[in-house]
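What follows is the residue order along each chain.
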Amino acid sequence: ENNVPQVHSINPEMSSPSIRVTNDLGNEVAGYGLALVDVSVEQESCYWEWRVSTGGNPTATVMVGVSNKRNSKFYEILASSSVPPE
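Just so you know, these numbers come straight off a predicted model, no measurement behind them. (Residues numbered from 1 in each chain as written. Predicted model: local features only at pLDDT ≥ 70, side-chain atom pairs only at ≥ 80, totals over all residues. Heavy atoms only, no water.)

Q: Give me the overall build of the chain: which residues, what numbers.
A: A tally of regular secondary structure across the chain gives one helix and two strands. Counted from the first residue to the last, the chain has its helices and strands arranged as β-β-α. Across the 86 residues of the chain, 12% fall into the buried class. In the chain, once contacts between residues fewer than 6 apart in sequence are set aside, the share between residues at least 24 apart is 38%. Accessible surface, the chain: about 7800 Å² in total, of which carbon and sulfur atoms supply 51%. (Helix = DSSP H or I, 4+ residues; strand = E, 2+ residues; numbered from the N terminus. Buried < 20%, exposed > 50% of the residue type's maximum accessible area, 1.4 Å probe, protein only. Contact = heavy atoms within 4.5 Å. Areas by Shrake-Rupley, 256 points an atom, 1.4 Å probe, with all protein chains shown as cover.)

Now the structure itself:
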């Protein structure tokens, strides 16, 4: 039995341009915006374990969830949309 957790890498092609992958394994990021891992979810339920370091920033916000696929074209369309920035 193998008790080592499976580790997936952040996919820069699917993530926001403001995200930087910061290690060779591809599982640490810096910046802000959406960072996606290219892994399919084929079951009705699943769980993830996240270890988050905010670099000592007491106002950092981290949200975790499941999303459909995004790519650089999505962000180009989003940037040129008529939706005003928040």
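Q: Would you mind going over a nonpolar patch on the surface in detail, with residue names and values included?
A: A cluster of nonpolar side chains, namely Val-41, Trp-48, Trp-50, Val-52, Val-62, Val-64 and Val-66, defines an oily patch on the protein surface of about 690 Å² accessible area. Following the sequence through the fold, Trp-48 ends up in the loop between β2 (29–31) and α1 (72–79). Under the relative-accessibility criterion, Trp-48 is labelled partly exposed at 44%. (Patch = residues over 30% accessible without salt bridge, like charges linked within 9 Å, V, L, I, M, F, W, Y side chains within 5 Å. Salt bridge = Lys/Arg side-chain N within 4 Å of Asp/Glu carboxyl O.)

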